[in-house]
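# A look at the structure
Listed below are the residues making up each chain.
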Amino acid sequence: MVITDGFRFLCVFSLAVKQCLDATSTTQETVTLTVALSGTTANEKFSSEKTILWSDASYNQPRFNKLSIWSPRAVIFAMNETFGTELYSISITKTNSIYVLDHASGEIHVWTSDTSNSTNTIAANFTNPAAIFVTSSGDVFVDNGNITGQVDRWMAATNTSVPVMYVNSSCYGLFVDVSNSLYCSMHFEHKVVKRWLDGNDTLLTTVAGNGTSGTQADTLSNPVGIFVDTNFGLYVADYGNDRIQVFTFGDIQGRTEVSGNLLNGPSGIILDNSKYLFIVDSNNNRIIRSTHIGFQCIIGCYSSSSSTNELFLPWSMAFDNDGNIYVVDRNNSRIETFLLFNKTTDISYNQPSFCPLSTWNESVVTFANISTVGKEPNGLFVTKRDLVYIAQRDTGRIRIWVNSSWSETTSFAGYHMNSSSIFVSTNNDIFVDNGDSAGQVDKLTANQNISTPVMYVNSSCYDLFVDITNSLYCSIQSQHTVVKRWLADNDTILTTVAGNGTADLKPNRLSQPAGIFVHVNLRLYVADYGNDRIQLFLFGEINGSTIAGNTSMNCTITLNGPTDVLLNEHKYLFIVDSNNHRIVRSGPNGFYCIIGCNGGGSSSNQLSYPDRMAFDSNGSIFVTDTENSRIQKFLISTLRCNLPTSQQTVFTSTALSTQISTFSHQGISPTNVSDSTTHVSSSMTTSLSSTSSSSVSTFIAPSCSSNTIGITCNISSTPCQIMQPCQNDG
């Protein structure tokens, strides 16, 4: 199709007929059809011309934003008691009438909008149908190819059906495009055919595949779901080839849109209003979508079962006009509805915006000492109003200070002995680890001195986090896993989102996970303490990628027992490198130390096995200095938004660069994908840039007082720390 001078010119080729459609615009409702026999010119017209309707789409194509998310657990729309045990296809109209096909009985069950029970059953001698498609008029196209070798059109006005396409096999996918052409994906014939419904000719045109199973661009293998966009681009769920093929209009050579290790038996494909893909990845028991930065799992992302947050061989899906997703959960014999979150919760923590070279004052303020926080404090949280919450391990109490007045305001009594973590929501509810004493996580309701268990665990939660969907995360260090539970649901079953219970360096495993952070894009960051690294898990993926420390594919930084990780507004990493007694961050020129850079100790500018950190609204950093039994506050001293203008030498690495890795649309493997987090990679090659006029061609690192470059060097006086990423232990 080509659009020129405001006109649309469309040619549809078949074996013996060439049909040309001319329309004055893409929104015009009628077009003039001109048919010329093969061998004549396109301008030779029949004596009578026929006007056809350029129909609107009958299905829903909602527009989603880049952070759209759906409920972690489904509402069961219908079970097998309602419509049978072999569900194949679902179609939802723009008025939210829902049609569900039962393959075994051949019946189509219909729900009109705003009804919870089936209001009509269509039974018209359909034998083992595999697919349906519903038009705006309520007419239903039904596969009936298994026995009768045809596709039937059931007409709502007359409650009768007539054959409209003759095939020699079942159609596992049906679709009617805006020009009123009917498409059929012939699963066992390895091709997709179509017929224009407003013509008298019943000949079929093969538009994808050649009838032979193959992996080439012009072949398919057991195609299932199909979708045709308004530009007549054909999308095919090429089930046997584990890929999505796209065929532009008139081209028999397909383009692989998704393949590689991402898909396993895709059975359904839909496009939203922005032409992002939604794919039923059947044999992986999940639904995935494409976004502006790649593909992500959105439903059934961790395992398969009959639980309402999981699927078992899903087969097809559809949107209603509110953007909710209905899934035919085939092997569970049910239809599940996953509701679109129209509103997510605001974040309750601070994510300041720092300049790349911001620094913090080493003349530290001891915010609280052992007399007020007890021995070896761990849990720490600072709200946007700069209220500071600390879990006191030895007394089992939660203490709260108002940052501006430096005074204790509230003390919660409780039995949270040896509590390791705390998280405060936007409504001031307090989630506190009580796993060591009671095997649970408790919620202390705001303004009430009572607690309620909200998560049951059989070990302490080293860290807690509540994301924007109101899901509570717990890192279980002793079990090498991170689990979560959706708090808006009564189901207390936990979902494992990182690690598998075995300590290991593999991408899908952790070793003694500590601090966790969940970004608003639902990507999970884990301080993998026992593996000396920071792991990133994309939403719905069980394989993590190392973005800092041990096993990182890029030279980043050497870590020793990281216990916490945060992101600021620009997605730079801040890491508590506990066994190195310091705080490090990423920046445009790599990783470098910002606090505790002179080695461990008890001096005011030193730390001893720090555990947690938090920002206040001004960008100051609070640190639980565990071994020193104190909370230290480091004030931000300068933004340093510009490079130095004095005669100061600034050392950089030529290979340091911001790396934003994403899924591409082809050949994606979930095991090697990194987030759009602003982290850095570097190489051993370095150069020297200086604000002085003298030219320097080489760089020799100054001597350090220990064998590990970076831990004992001071960034303000020597360039050791800037060069640290690739010269640690060097």
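Residues numbered from 1 in each chain as written. Predicted model: local features only at pLDDT ≥ 70, side-chain atom pairs only at ≥ 80, totals over all residues. Heavy atoms only, no water.

## Concerning the overall build of the protein chain
A tally of helices and strands in the protein chain yields four helices and 59 strands. Expressed as a percentage of the 730 residues in the protein chain, the buried residues total 57%. Looking at the protein chain alone, contacts between residues at least 24 apart form 48% of all its contacts between residues at least 6 apart. Entry remark: accessible area of the protein chain is about 28,500 Å², with carbon and sulfur atoms responsible for 47%. (Helix = DSSP H or I, 4+ residues; strand = E, 2+ residues; numbered from the N terminus. Buried < 20%, exposed > 50% of the residue type's maximum accessible area, 1.4 Å probe, protein only. Contact = heavy atoms within 4.5 Å. Areas by Shrake-Rupley, 256 points an atom, 1.4 Å probe, with all protein chains shown as cover.)

## Re the sheet that holds strand β28 (residues 325-329)
Here four strands make up an open sheet; going across it, the order is β6-β29-β28-β27 and the pairing antiparallel. Among the strands making up the open sheet, the edge pair consists of β6 (75-79) and β27 (314-319). This sheet shows a mean twist of 20° between the axes of neighbouring strands, independent of strand direction. Examined bridge by bridge, β27 and β28 share five bridges and lie antiparallel to one another. Following the sheet pairing, Phe319 is matched in β28 by Ile325. (Pairing = 2+ DSSP bridges. Axes fitted to C-alpha atoms, helices over the stretch in contact; angles between N-to-C directions.)

## What about the nonpolar core?
Counting 79 residues, the largest nonpolar core has Tyr389, Leu472, Val482, Leu524, Phe574, Ile575 and Met613 as its most contacted members. The element contributing the most residues to this core is strand β51 (residues 590-595), with five residues. With sequence-adjacent residues up to four places away left out, Ile575 is seen in contact with Ile534, Ala548, Leu559, Pro562, Asp564, Val565, Arg582, Ile583, Val584 and Phe591. One finds Ala237, Leu277, Val327 and Leu340 within the second-largest nonpolar core, a separate group that totals 62 residues. (Core = buried A, V, L, I, M, F, W, Y, C linked by side-chain atoms within 4.5 Å.)

## Comments concerning the packing of aromatic side chains
The relation between two aromatic rings is expressed through the spacing of the ring centres and the mutual angle of the planes. Counted under the stated rule, the structure contains 32 aromatic pairs. Here a set of aromatic residues connected by ring pairs shows up, and it is made of Tyr88, Tyr172, Phe188, Tyr239 and Trp315. Taking NZ or CZ as reference, Arg330 lies 4.4 Å from the ring centre of Trp315, over its face. When the ring centre of Tyr572 is taken as reference, the NZ or CZ atom of Arg585 above it lies at 5.4 Å. (Phe/Tyr/Trp six-rings, centres within 6.5 Å; stacked < 30°, edge-to-face > 60°. Lys NZ or Arg CZ within 6 Å of the ring centre and 35° of its normal.)

## Here's the deal with the sheet that holds strand β50 (residues 582-587)
Spatially, four strands are ordered β48-β49-β50-β51 in an open sheet, and the strand pairing comes out antiparallel. Pairing within the sheet leaves two strands with one partner each, and these edge strands are β48 (562-567) and β51. Pairwise comparison of adjacent strand axes, ignoring direction, gives a mean angle of 25° for this sheet. Relative to β50, strand β49 (residues 573-577) is paired through four bridges, and the arrangement is antiparallel. By the bridge assignment for β50, Ile575 is matched with Val584.

## Overview of the side chain of Asp177
Tracing the backbone through its elements, the reader meets Asp177 in the loop between β15 (171-176) and β16 (181-186). Comment: no salt bridge for buried Asp177; closest opposite-charge side chain is Lys194, at 5.0 Å. Among the polar contacts made by the side chain of Asp177, one reaches the main-chain amide nitrogen of Ser181 at a distance of 2.9 Å. (Lys, Arg positive; Asp, Glu negative; His and termini not counted. Salt bridge = Lys/Arg side-chain N within 4 Å of Asp/Glu carboxyl O. Polar contact = N/O pair within 3.5 Å; in protein donor to acceptor, adjacent residues only side chain to side chain.)

## Some points on unusual backbone geometry
Within the chain, Asn159 stands out as a residue other than glycine whose phi angle is a positive 55°. Looking at the secondary structure, you find Asn159 in the loop between β13 (150-155) and β14 (160-166). Judged by its relative accessible area of 55%, Asn159 falls in the exposed class. The phi dihedral of Asn285 is positive, around 60°, even though this residue is not glycine. Within the fold, Asn285 resides in the loop between β24 (277-281) and β25 (286-291). According to the relative accessible area criterion, Asn285 is buried, its value standing at 11%.

## Some words on the UniProt feature "repeat: NHL" (unreviewed entry) in the protein chain
UniProt's entry tags residues 211-250 and 601-637 with the feature "repeat: NHL" (unreviewed entry), counted in the numbering of this structure. Between the C-alpha atoms that bound residues 211-250 the distance is 17 Å, and the span itself is 0% helix and 40% strand. Span residues 601-637 is 0% helix and 49% strand, its end C-alpha atoms 22 Å apart. (UniProt positions renumbered as here; feature names shortened; annotations may be inferred.)

## As for the state of the cysteines
Working definition: the covalent bond between the sulfur atoms of two cysteines is a disulfide. Under the criterion given, the structure shown has four disulfides. Each sulfur of the disulfide joining Cys171 and Cys184 lies 2.0 Å from the other. Disulfide Cys171-Cys184: torsion about the S-S bond near -95°, hence left-handed. Highlighted residues: Cys171 in strand β15 and Cys184 in strand β16, separated in sequence by 13 residues. (Disulfide = S-S within 2.5 Å.)

## Topic: the pairing of β15
Burial analysis of β15 places six of its six residues in the buried class, the great majority of the element. Both β15 and β16 contribute to a ladder of five bridges, which runs antiparallel. The partner of Cys171 across the bridge, within β16, is Met186. Between β15 and β16, which pair antiparallel and follow one another directly, the connecting turn spans four residues, one of which, Asn180, has a positive phi of 70°.

## Comments concerning the pattern of salt bridges
Within this structure, the stated rule accounts for 17 salt bridges. As a salt-bridge pair, Arg334 and Glu336 come within 3.3 Å of each other at their nearest N and O atoms. Residues Asp528 and Arg533 are paired through a salt bridge, measuring 2.8 Å at the closest nitrogen-oxygen approach. Neither residue differs from the other here; Asp528 and Arg533 are each classed as buried. Within the structure, one salt-bridge network assembled from shared partners comprises Arg73, Asp489 and Asp491.

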